[in-house]
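Coordinate inspection notes
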Amino acid sequence: FKGDFNGTHPKHIPRLGLTLRLPRHYEAATWFGRGPGESYRDTKLASRLGRYTVTLDNGLETPYEWPQENGNRVDTRWVRVHSSSPDRSYSASAGADALYPQIEARMDAPFSFSLRKYGIDEIDRAKHPHELSELKNETELNIDYLHHGIGTASCGPGPFEGHRLEAEAFEFTTSFKIVH
């Protein structure tokens with residue numbers, strides 16, 4: 001993907017990448033990158049680099065009191081999304097259900113990803129957790145080339161200059177493959 005921003009646009013953008021809707025049985029992720037909890041470009045040093053497997057019900061999303069962007073993982077080298085049987089622990093779910101192949105994503109440089117049961121429009125709309133409606137039979141996967149830092153200046157400082165995502169020319173390569 002190669003592009004640039006034209007016309008009227010914000011100076012800073014939240015993310016630059018791909019958003020995909022997947023069938024709901026894709027509810028777990030195994031990756032090599034920062035984890036096991038969420039991390040962003042300005043908080044990543046609090047996370048360890050390693051191989052992790054987490055499900056939507058066991059930590060891929062962070063349930064904040066005020067619904068907002070959550071669940072991002074940075075410095076990812078590869079991620080596989082897959083199904084997970086409810087009777088298996090999340091650490092064992094890397095051997096995904098054979099009925100559904102795993103989907104692996106990679107980029108030509110470390111990237112960010114998130115997998116959620118709520119769409120970003122729904123998260124932006126809701127003011128309280130009870131107002132959130134899960135996607136119908138889908139999950140939302142974000143594969144991001146770059147991501148803005150989490151500071152918003154709404155209840156503290158904004159991100160430092162080096163953690164802001166400027167709307168400028170970009171070029172990245174993403175590959176997907178089915179893994180059996």
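Coordinates for the structure precede this section.
Report on the accompanying structure. What you are looking at is a predicted structure, and each value in this text was computed from that prediction instead of being measured.

Some remarks on the environment of Glu131
- Relative to the helices and strands, Glu131 is located in the loop between α1 (120-125) and β7 (138-147).
- Judged by relative accessible area, Glu131 falls into the partly exposed class, the value being 28%.
- Measuring from C-alpha to C-alpha, the distance between Glu131 and Pro67 comes to 9.0 Å, with 64 residues separating the pair along the chain.
- In this view, Glu131 contacts Glu122, Arg125 and Ala126; residues no more than four positions away in its chain are not counted.

What to know about the pairing of β7
- Of all 10 residues in β7, seven are buried, a share of seventy percent or more.
- Strand direction decides the pairing type here: strand β2 (residues 15-23) and β7, joined by nine bridges, are antiparallel. Pairing of Arg21 across the sheet is with Glu140, part of β7.
- Two strands pair when backbone bridges link them, and strand β6 (residues 102-116) and β7 are joined in this way by five bridges, in the antiparallel orientation. Bridging from a neighbouring strand, Phe113 pairs with Ile143 of β7.

Considerations on the pattern of salt bridges
- Across all of its chains, the model carries 14 salt bridges by this definition.
- The salt bridge partner of Arg15 is Asp144, with a shortest N-O separation of 2.9 Å. Of this pair, Arg15 sits in strand β2 while Asp144 sits in strand β7, and the two are 129 residues apart along the sequence. In this pair, the class of Arg15 matches that of Asp144, namely buried.
- Put simply, Glu104 and Arg80 hold a salt bridge, and the shortest N to O gap is 2.7 Å. Of the two residues, Glu104 sits in strand β6 while Arg80 sits in strand β5 (residues 73-82), which places them 24 residues apart along the sequence.
- The network of salt bridges with common partners includes Arg15, Glu69, Arg116 and Asp144.

Parameters and conventions
Residues numbered from 1 in each chain as written. Predicted model: local features only at pLDDT ≥ 70, side-chain atom pairs only at ≥ 80, totals over all residues. Heavy atoms only, no water. Helix = DSSP H or I, 4+ residues; strand = E, 2+ residues; numbered from the N terminus. Buried < 20%, exposed > 50% of the residue type's maximum accessible area, 1.4 Å probe, protein only. Contact = heavy atoms within 4.5 Å. Pairing = 2+ DSSP bridges. Salt bridge = Lys/Arg side-chain N within 4 Å of Asp/Glu carboxyl O.

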